[in-house]
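# Coordinate analysis (summary)
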Amino acid sequence: MIFKKIIILVVILLIAAAVIYQMNRAYENKLDKMAKIEHVTFDLLSTLPIKKIAVTDISKTAGVSKVTIFNYYETKQALIKKVIFDHFQTIYDQYEAIIQSDLSFEAAYRRLTQFELAEMQKNSGTLNQNIMTLYASDASFYDQAAQDKSDQLILALVKKGREDNFINPHYNDETILSIFRIYNEGLKIFSDTPDKLF
């Protein structure tokens, strides 16, 4: 009797292990497909205006069905936002590493500027225009969480600047953040007509 129970238990454990293995494979397959979809989307954002990017183009190039794309992402807009936010997260991580480093404020500011210029040159003009178009046209594109992350980075740099006596301590954090927000709002105005900027 005990031997039968042990056999049943072993069979149940083997079945459970097989199910977990299949679930892991399915999950890894899903992650692989998502990575391919997002890579293709980023490439298309770098070469085509958003309005000309079709889910059909993404699905054909990624080698997945349109249904698969909509299973993973609610809308084309949601996919595009995720791709751009992931791109931003990589940039934010670099910013944070530079700001949190032992560099002086002046050296950190210089490194940030060099990094930003290199990123702008690395990105196509089309990608930059697509980002600005979304920023200007979609109120949810740059949400409160993104604003908070940006504010944290700015304030960390400002703190370093105050410690190194490059930023006047009489300018409070809110004043400095207001200046950055005014600048960002100004960018929205010119995002659809960059030729009017100069």
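Owing to the predicted nature of the structure, the values given are computational and were not obtained by experimental measurement. (Residues numbered from 1 in each chain as written. Predicted model: local features only at pLDDT ≥ 70, side-chain atom pairs only at ≥ 80, totals over all residues. Heavy atoms only, no water.)

Another aspect to go through is the packing of aromatic side chains. Here a ring pair, both rings aromatic, is described through the centre-centre distance and the interplanar angle of the planes. All told, the structure shown has 7 aromatic pairs when counted by the stated rule. Ring centres of F85 and F88 lie 6.4 Å apart, and the angle between their planes is 65°; on these two criteria the pair is classed as edge-to-face. Of this pair, F85 and F88 are both found in helix α4 (residues 76-100), 3 residues apart, which corresponds to roughly one turn of the helix. Centre to centre, the rings of Y92 and Y95 are 6.5 Å apart; their planes meet at 55°, and the pair counts as tilted. With a gap of 3 residues between them, Y92 and Y95 both fall in helix α4, about one helical turn apart. Taken together, the ring pairs in this structure connect F85, F88, Y92, Y95 and F115 into an aromatic cluster. (Phe/Tyr/Trp six-rings, centres within 6.5 Å; stacked < 30°, edge-to-face > 60°. Helix = DSSP H or I, 4+ residues; strand = E, 2+ residues; numbered from the N terminus.)

Even without glycine at this site, N165 takes up a positive phi of about 60°. Here N165 is to be found in the loop between α7 (144-163) and α8 (173-190). By relative accessible area, N165 is classed as exposed at 71%. (Buried < 20%, exposed > 50% of the residue type's maximum accessible area, 1.4 Å probe, protein only.)

Below, the discussion takes up the nonpolar core. Ranked by size, the top nonpolar core spans 41 residues in total, and within it I37, L45, I58, I69, I84 and F141 carry the most contacts. Every element with two or more residues in this core is listed here: α1 (2-47), α2 (55-62), α4, α5 (105-122), α6 (125-137), α7 and α8. In terms of residue count, α4 provides more of this core than any other element does, 10 residues in total. Beyond its immediate chain neighbours, meaning those up to four positions away, I58 contacts I37, V40, T41, L44, I53, I69 and L79. (Core = buried A, V, L, I, M, F, W, Y, C linked by side-chain atoms within 4.5 Å. Contact = heavy atoms within 4.5 Å.)

Further remarks concern the pattern of salt bridges. Inspection of every chain in the model, using the stated rule, returns 8 salt bridges. Residue K82 is joined to E38 by a salt bridge in which the shortest nitrogen-to-oxygen separation is 3.5 Å. Of the two residues, K82 sits in helix α4 while E38 sits in helix α1, which places them 44 residues apart along the sequence. For K82, a relative accessible area of 32% translates into the label partly exposed. Here E38 falls in the buried class, since its relative accessible area comes to 14%. Here E174 and R181 are joined by a salt bridge, their closest N and O atoms 3.3 Å apart. For E174, a relative accessible area of 46% corresponds to the partly exposed category. Judged by relative accessible area, which is 28%, R181 ranks as partly exposed. When salt bridges that share partners are traced, they join E38, K82 and D86 into one network. (Salt bridge = Lys/Arg side-chain N within 4 Å of Asp/Glu carboxyl O.)

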